[in-house]
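Close look at the chain arrangement
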Amino acid sequence: MATFLVSVTSVIISQKIHFNPKHKEILKYIYSFPLSMPHLVSGLALITLYGHNNLGKYLEIFNIDFVYTPSGIVLALFFINLPYAIIFLNSAMDSVDDSIFFTANNLGLNNFKVFIHVLIPLIRQHIITMVLLIFSRCLGEFGAVMMLVGVTRMKTETLATSIFLNMTTGDFDVACGVAIILMLINLFINLMIKIIIKEKSVGDKNIYYK
């Protein structure tokens, strides 16, 4: 769920920034600010903001609670990974030749249609790579999740926090087993990214030779 929300939101924000560059530098500073913070600090900021003494008490009216609940896992992962996704997509969009957009506009396409029919197909491999990377990062996130939702067995337990929980309870074998699962998933994702990058390189060469 966090990967899906990050992917959709980052695409929307990146599109707005790319086609409306007026406040691009200011927006870059705002969304890149969480990158410089330790994840424990980010988790502390989230639990302070969404705690029952602040925004949380208003969300309770709508039966929404992020503190020590599974929903908080999604919130923490969303907050941590969104800046990475936006920066990744911005770099991909900036790598596309602006003359392509200029030509598309001259042919009668507005910015939204250019984005859907021109830009998205051109950076399709980048988007798939971004989704895989975000999924991998979500699986391995520890600090922010630990601060906001803690580790409750079979409730707010993630793969990363499960390693910590099993280590503290002396279940070293289980912790190693979970760590191996994470490593295998990461290995598979890296393999998929290598294949995507290789396909993109071959596709670029074919376009060049044509």
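Analysis parameters
- Residues numbered from 1 in each chain as written.
- Predicted model: local features only at pLDDT ≥ 70, side-chain atom pairs only at ≥ 80, totals over all residues.
- Heavy atoms only, no water.
- Axes fitted to C-alpha atoms, helices over the stretch in contact; angles between N-to-C directions.
- Helix = DSSP H or I, 4+ residues; strand = E, 2+ residues; numbered from the N terminus.
- Parallel < 35°, antiparallel > 145°, perpendicular 65-115°, else oblique.
- Left-handed = near helix turned anticlockwise from the far one by under 90°.
- Contact = heavy atoms within 4.5 Å.
- Nonpolar A, V, L, I, M, F, W, Y, C, P; charged D, E, K, R; others polar.
- Buried < 20%, exposed > 50% of the residue type's maximum accessible area, 1.4 Å probe, protein only.
- Polar contact = N/O pair within 3.5 Å; in protein donor to acceptor, adjacent residues only side chain to side chain.

Helix-helix packing is characterised by the crossing angle of the two axes and by the distance between the axes. Where helix α1 (residues 2-19) contacts helix α5 (residues 70-94), the axes come no closer than 8 Å and their chain directions differ by 40 degrees. When the axes of α1 and α5 are compared, the pair comes out oblique. By crossing handedness, the relation of α1 to α5 is classed as right-handed. Of the residues in α5, those touching α1 at A2, L5, V6, T9, S10, V11, I13, S14, Q15, I17 and H18 are V74, L77, F78, N81, L82, A85, I86, L89, N90, M93 and D94. Across the contact of α1 with α5, the residue classes tally to 14 nonpolar, seven polar and one charged.

Our focus in this paragraph is the side chain of N81. Examined against the element boundaries, N81 turns out to sit in helix α5. Owing to a relative accessible area of 1%, N81 belongs among the buried residues under this scheme. A distance of 2.7 Å separates polar atoms of two side chains, one belonging to N81 and the other to R137. Here N81 is in contact with V6, I134, R137 and C138, once residues within four sequence places are set aside.

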